[in-house]
Amino acid sequence: SQEQAGQVSNDLEEKCRELGQEIETYKKKVAEAAADYQEISSLKDKIASMERELTKSNDGSAKLKTDYDALTAEKSAMQNQLNTMSLEYDDMVSNEDEQRRKVNALERNVTELQGS
């Protein structure tokens, strides 16, 4: 039965074609998966890089905050010094006025004594 052999041969050829198509389909899927993996890997690298930049930026912000706090404390100390100096100056002026009044009073007393 040549006819049966021909049928079997045709069936086998059909199976081979189907298997060939399946192999091509799997090759495409493997290539797509490899591309996806590459993209995921690239995205992971980008995320890691961005996280490093963020950490660096946060460190910079923390340093700026520390510097700002130090400058604020220094400004506050200088303001206190200035306030103290201002009070001391006011005391000196007040004492000078008091001394002037005493001198004037003494001069009047002297003038009165000389006049009498």
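Our structure's up above, just so we're on the same page.
Predicted, not measured: the structure shown is a model, and the values here were computed from it.

### So, the overall build of the chain
A tally of helices and strands in the chain yields one helix and zero strands. Relative to the 2.2 N^0.38 estimate, which gives 13 Å for 116 residues, the radius of gyration of the chain is 49 Å and therefore markedly larger than a compact globule would have. Considering only C-alpha atoms, the chain reaches an extent of 170 × 10 × 10 Å along its principal axes. Within the chain, the fraction of its 116 residues that count as buried is 0%.

### Some words on the pattern of salt bridges
Enumeration according to the criterion identifies eight salt bridges in this entry. Its salt-bridge partner being Lys 56, residue Glu 53 comes within 3.5 Å of it at the nearest N-O pair. You can see Glu 53 and its partner Lys 56 sitting in helix H1 (residues 2-115), three residues apart, about one turn around the helix. When its relative accessible area of 56% is taken as the criterion, Lys 56 is described as exposed. In this structure, a network of salt bridges that share partners links the residues Glu 96, Asp 97 and Arg 100.

Rules of the game
- Residues numbered from 1 in each chain as written.
- Predicted model: local features only at pLDDT ≥ 70, side-chain atom pairs only at ≥ 80, totals over all residues.
- Heavy atoms only, no water.
- Helix = DSSP H or I, 4+ residues; strand = E, 2+ residues; numbered from the N terminus.
- Rg over C-alpha atoms; globule rule 2.2 N^0.38 Å.
- Buried < 20%, exposed > 50% of the residue type's maximum accessible area, 1.4 Å probe, protein only.
- Salt bridge = Lys/Arg side-chain N within 4 Å of Asp/Glu carboxyl O.

By themselves, these are just geometric observations and shouldn't be taken as functional.
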